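Chains, contacts and geometry: an overview
One letter stands for each residue in the lines below.
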Amino acid sequence: MSTAIFTDTMTVFNRELRPLRRDPLAIIFGMIQPLIFLGLFSPLLPDGSLQWFVPGIVVMTCLFSTSFAGSALMAEMQTGAHERMLVAPIARSALLVGRALKEIVPTFAQTAIILLIVTPFSFELHLPGVVLGLIILAIFGVGIGALSYSLAIVAEGQDWLFWTVQQTLLFPMLLLAGILLPVDHAPGWLQAMSDCNPLTYIVNAERALFAGTIGADAAWGLVAALGVAALGLILGVRAMRKTV
Amino acid sequence: MTAKMIETHGLTRHFKVGKETVEAVRGLDFHINKGELVALLGPNGAGKSTTLRMLTTLLPPTAGTAAVAGYDIASNPRQVRQHIGYIGQGNGAGHTQRGREELITQGRFYGLNKKAATARADELIEALDLAAVTGRNVGTLSGGQRRRLDIAMGLIHEPELLFLDEPSTGLDPQNRANLQEQIQRLHTTRGTTIVLTTHYLEEADAMAERVIVVDHGRIIADDTAQNLKNNLAGDRITLTFGEASHTIIAAEHVTRLRPQAAVTPTAGSLTIRTIGGPELLPSLLRDLDDQGAKAQSAEVVRPTLDDVFLALTGRSLRESTNTDVQNAEQEVAA
């Protein structure tokens, strides 16, 4: 039974990856907004800020692309492809986990693209830190992807509901995590909100790791990523079971 | 395995729409034997699709039970899924995927290993004449091609029982004929039990050995199309006369001859609804000639399932739609 769940999950994962493998450029379309921030916002920052700014952009890219993930499921719920899979004798959890795991692939590819772009511009690459940072980001991406799929299932084909919730949550999360500007000197209430935002811990961890510091910030980032992933997968699997 | 492929007891499904409860399916009791080809016929919103969604484990019943392919839909949905094929109203293949790869994935979902899934996919591609299009993105295929791909996906594991939900909706007449031929071939060559829903009378009439007529969530008739037509509708004979008095003579004569027939005289014509119309007509015309009521024209129309539905409900199937249930189904299905 458990090997069947694993096989099902891998089948779903491979199926999800197929369009991406055929059309890798789609990975770049998913990161146009972060690239615009990188090109048009980072030059406004004081010299030497790139090391601080780039990890935030990496997290932003991951958040953007994984939070969009649900739209693909929504499309398949409307065409009937999802229904066809629900009638197949596969574990409901595999339908969600396989999709969510796919989010690791664009996350890795997009981070690599950003690092390729910025490394010539006085950005110091600390490889062990970056690898650890990617692992945390991948876990976080799976969680956000799972939450996005849950939202798609709950929205039940009402596109506007999905997009309204996704867009409403996206920017406060970004701003409160201090991705564009630091929140160190923010008023107390904004600080408090920032402390409640899991994204804050991810961004702090990525900044520390990309600077080569493996310590408490990284550990808190891992905890936050695991928390988001657990929440996303639990909600997602529950939502998927309910659609039956 | 029992001879019964499907057996339901009090199968019921309600939907909540706001504060109202819509009774989409009301206590269905029926069974379908192995090897039957059955059509569930009824207007939009009659509860056909809801019934199908319960039998295919997509929707839990509000009350009642059903065993499909020998397994209970509520307690053993996985076994039910393993044994049935399902071709839904939409397109089973993802629009960003390619046909052949979707077929192989589908095979993997049903437990085939990679080699077996690939072999089976290629077999179906050949059988359904899909070779030219399965390398393309599904989104670029025509409606008819996608439908053939849907059929291939539904057959990947050679199910002994196949469900089709409104299979020919949205297809042009040629593709519809193609589809019907494929379904019938599957039924005759492999003995697959087939259950389909339709609101096309011609489709139910042409394909099904047994028609279950559903209206307002209940079964209102269940028989072969021929029996339904003979027993519930009968043939329609229309005679026209040059003189109104002849119409009256004819009406009186037919009423004496066939007390059970429905006889409706109008200004210049007479409509008779009765069984065995073609056999009755020649002698009837001779009799009327003898009585001086000379018919100017005579026509016999064989009954359709629409006449059956009309006889059962007083409504024509073509115009009939239970919109409230339909909306509820759409909301839940979305």
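Each value, and the rule that gives it
- Position labels on residues start from 1 in each chain and follow its written sequence.
- Each chain takes a letter, starting from A, and each ligand takes a number, starting from 1, following the order in which they are written.
- Owing to the predicted nature of the model, reporting of local features is limited to residues with pLDDT of at least 70; listing and counting of side-chain atom pairs is limited to 80 or more, with chain, interface and lining totals taken over all residues.
- For the purposes of this entry, the term helix denotes a DSSP run of H or I that reaches at least four residues, the term strand denotes a run of E that reaches at least two, and both are numbered from the N terminus.
- Partly exposed residues are those whose C-beta has more than 12 but fewer than 20 other C-beta atoms within 10 Å; 20 or more makes a residue buried and 12 or fewer makes it exposed, with C-beta atoms placed from the backbone.
- A pair of residues counts as a contact when their C-beta atoms, built from backbone coordinates, are within 7 Å of each other.
- When residue character is reported, Ala, Val, Leu, Ile, Met, Phe, Trp, Tyr, Cys and Pro are called nonpolar, Asp, Glu, Lys and Arg charged, and the others, Gly included, polar.
- Connectivity within a nonpolar core runs through C-beta atoms within 7 Å, and the core itself is a set of buried Ala, Val, Leu, Ile, Met, Phe, Trp, Tyr and Cys residues.
- Paired strands, as defined in this entry, are two strands with at least two bridges between them according to DSSP.
- Helix axes are fitted only over the stretch in contact, all axes being lines through C-alpha atoms; the angle between N-to-C directions runs from 0 to 180 degrees.
- Start and end positions for the domains come from either an automated domain assignment or a database one.
- By convention a crossover is right-handed if, when the strands point away from the viewer, the path from the first strand over the helix to the second runs clockwise.

**Some remarks on the overall build of chain B**
Scanning chain B from terminus to terminus reveals twelve helices and 14 strands. Based on the C-alpha atoms only, the size of chain B along its principal axes is roughly 80 × 50 × 40 Å. Residue burial in chain B is summarised as follows: out of 334 residues, 45% are buried.

**Notes on the interface of chain A and chain B**
Residue-level contacts link 19 residues of chain A with 24 residues of chain B. Counting residues per element, the ones that place at least two in the side of chain A that touches chain B are helix 1 (2–22), helix 5 (70–79) and helix 6 (81–87) of chain A. Among the residues forming the side of chain A that touches chain B, the class breakdown is nine nonpolar, four polar and six charged.

**Quick notes on the nonpolar core**
Counting residues in each nonpolar core, the largest one holds 139 residues, and the members touching the most others are V59, F140 and I202 of chain A together with A152 and V211 of chain B. Element by element, the count of residues in this core is highest for helix 9 (residues 127–155) of chain A, at 17 residues. When sequence neighbours within four positions are dropped, the list of residues in contact with V59 of chain A reads L137, I179, L199, I202, V203 and E206 of chain A. By size, the runner-up hydrophobic cluster in this structure holds eleven residues, among which are F241, I272, A293 and A295 of chain B.

**Some details on unusual backbone geometry**
Residues and elements named next belong to chain B. Backbone geometry places T57, a non-glycine residue, at a positive phi of 70°. Structurally, the position occupied by T57 is in the loop between helix 1 (48–55) and strand 4 (63–68). With a phi angle near 50°, H216 is a residue other than glycine that sits in the positive phi range. Within the secondary structure, H216 sits in the loop between strand 9 (210–215) and strand 10 (218–223). The class for H216 is partly exposed, based on 17 C-beta atoms found within 10 Å.

**A look at the sheet that holds strand 8 (residues 193–198) of chain B**
All names here are of chain B. Overall, mixed pairing links the six strands, which are arranged 6-7-8-3-9-10 in an open sheet. The strands lining the two open edges of the sheet, one partner per strand, are strand 6 (84–87) and strand 10. If you compare each strand with its neighbour and ignore which way they point, the axes differ by 15° on average. Examined bridge by bridge, strand 3 (residues 37–41) and strand 8 share five bridges and lie parallel to one another.

**Observations concerning the domain arrangement of chain B**
Assigned domains within chain B: domain 1 (4–229 + 321–333) and domain 2 (235–302). If you average the C-alpha positions of domain 1 of chain B and of domain 2 of chain B, the two centres end up 44 Å apart.

**Digging into the pairing of strand 7 (residues 161–165) of chain B**
Residue and element names in this part refer to chain B. Buried residues dominate strand 7, accounting for five of its five residues. Along strand 7, one buried face is formed by L161, F163 and D165 and the opposite face, lined by L162 and L164, is buried too. In this sheet, strand 7 lies alongside strand 6 in parallel orientation, the contact comprising four bridges. The partner of I87 across the bridge, within strand 7, is L164. Alignment of strand 7 against strand 8, held across five bridges, turns out to be parallel. Residue L164 lies in a different strand from strand 8, and its bridge partner there is L196. Considered for its hand, the β-α-β crossover made up of strand 7, helix 6 (residues 173–190) and strand 8 is right-handed.

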